[in-house]
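Secondary and tertiary structure notes
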Amino acid sequence: MSEAAEDRPAGGERRFSDRAPGEPPREGAGFARGIRSYLIGLGLAVGLTVASFYFAASGLVWGPALPMALIVLAIAQMGVHLAFFLHITTGPDSTNNVLALAFGVLIVFLVIAGSLWIMANLNHNMPPMRQGMSMPR
Amino acid sequence: MTIAAATAEPDDPYRIGHGRGGYGDSEATGHGAGGPAPRRIVTAYGFWIFLLSDIIMFSAFFASYAVLAGQTAGGPGGRDLFDLRNVAIETGCLLASSFACGVASVAAEGREPIWFYAAMAVTFLLGAAFIGLEVHEFAGLAARGYGPQRSAFLTAFFTLVGCHGLHVSAGLLWLLTMMAQVFAKGFRADILRRFTCFSLFWHALDIIWVALFTVVYLLGAGA
């Protein structure tokens, strides 16, 4: 079987090479095109930030649901930053970056959720303290 | 099977389960035939791994803050201390700074020194404004007797927010270094690799700040 470079498009551009994190997509050059993704990201991030601060300050969101709403907005904004500022995509040339990120997110989730879970359990199992008795710190 | 069928374009762009043929120079590492990836990619990927480990370190600080947030030892809680207007300005500074850093990387890509220096200067000024506001907030808290020794909550608060502030300060020094290196050596390949790492670092700090202003300030003051 021929092993020649049939997989390459006519331009000779390398087809399956990896993309570095933070590296913008290789579609055309020029200042205006390059800056577009950052502009979109800035717009979305500003919108989400303003929404976060507005919800926290006003009573628009039902009180008990506010923490979840703020956390959802924050996760959305982190996604915007990852996609438009760090250019982490789901494309085949970015697989390594996404897998590393997925592992990082897993560890972050384990550390935070695990700590909260364990400490809540410990607090639950502590005998109630008398008033005026302070816990050793 | 004809040669045309054997070498037809695969449907799966990820080519899962397909061995790579001898393409020469275009393969990722670990597939044998292609040889190592370009240094630009290896460097940025290695720095990406470092950033993720840095984020994992921050997650430990976040976890300790979340556990200790209620332990005020009779002292003030977040509701009494946090000034959300100040935090909103800080957030705006850091976000605009991240955008300016993006402009600088586009300028570096296009080898446009004027735009590069201008964007980097804006990035620096906004980052410095952020640090100034944070130092001002910390000094105000300490002056009122609410330093890190006051309660477990304040210890966790100063550790988490201060660690982010230290990262931003280090980033500001790195930024000046990058400007000086581009000035002295031009847009050389190795300088551009360093600059890519810097811009990754700066954007990652903004991501951490998003988690920080939500968890510490908004949830602490409002919810």
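If you're wondering where the values come from, they're calculated on a predicted model, not measured in any experiment.

Cut-offs and rules
Residues numbered from 1 in each chain as written. Chains lettered and ligands numbered in written order. Predicted model: local features only at pLDDT ≥ 70, side-chain atom pairs only at ≥ 80, totals over all residues. Helix = DSSP H or I, 4+ residues; strand = E, 2+ residues; numbered from the N terminus. Buried ≥ 20, exposed ≤ 12 C-beta atoms within 10 Å, placed from the backbone. Core = buried A, V, L, I, M, F, W, Y, C linked by C-beta atoms within 7 Å. Contact = placed C-beta atoms within 7 Å. Axes fitted to C-alpha atoms, helices over the stretch in contact; angles between N-to-C directions. Parallel < 35°, antiparallel > 145°, perpendicular 65-115°, else oblique. Left-handed = near helix turned anticlockwise from the far one by under 90°. pLDDT = per-residue confidence, 0-100. Expected span 1.5 Å × (residues − 1).

Along the backbone of chain B there are 7 helices and 0 strands. Going residue by residue from the N terminus, the α and β elements of chain B occur as α-α-α-α-α-α-α. Buried residues in chain B amount to 38% of all 223 residues.

In this section: the nonpolar core. Formed by 79 residues in total, the largest nonpolar core has its most connected members in Ala104(B), Leu200(B), Leu212(B) and Val216(B). Sorting the residues of this core by element identifies helix H1 (31-57), helix H2 (66-85) and helix H3 (95-125) of chain A together with helix H2 (39-68), helix H4 (84-109), helix H5 (113-143), helix H6 (152-185) and helix H7 (189-221) of chain B as the ones contributing at least two each. Sort the elements by how many residues they give to this core and H7(B) lands first, with 19 residues. Leave out the neighbours within four places in its chain, and Leu200(B) touches Pro21(A), Gly22(A), Leu86(A), Ala44(B), Phe47(B), Trp48(B) and Leu51(B).

All names here are of chain B. Put simply, H2 and H6 touch, their axes get as near as 9 Å, and they point 155 degrees apart. Taken together, the axes of H2 and H6 lie roughly antiparallel to each other. Considering the relative orientation of H2 and H6, their crossing is left-handed. Each of Phe-61, Phe-62, Ser-64, Tyr-65 and Leu-68 in H2 lies in contact with H6, whose residues at this interface are Ala-152, Phe-153, Ala-156, Phe-157, Thr-159, Leu-160 and Cys-163.

Right, let's talk about the confidence of the model for chain A for a bit. If pLDDT is low for a region, its predicted coordinates should not be looked at in detail. Residue-level pLDDT values for chain A average 80, and 76% of them are 70 or greater. Below pLDDT 50 for its whole length, residues 1-15 of chain A participates in 14 contacts with residues either more than four positions away or in separate chains.

Residue and element names in this part refer to chain B. Across chain B, pLDDT averages 87, with 83% of residues at or above 70. Note that pLDDT drops below 50 for residues 17-27; the model gives that stretch 23 contacts with residues more than four away or on any other chain. Among the scores for the predicted complex, ipTM is 0.82 and pTM is 0.83.

Attention now moves to H2(A). With 20 residues, H2(A) extends 27 Å between its outermost C-alpha atoms, agreeing within 8% with the 28 Å of an ideal straight helix rising 1.5 Å per residue. On its buried side, H2(A) packs onto H1 of chain A together with H4 and H7 of chain B. Looking one or two residues past H2(A), His87(A) carries a phi angle of roughly 55 degrees, positive in sign.

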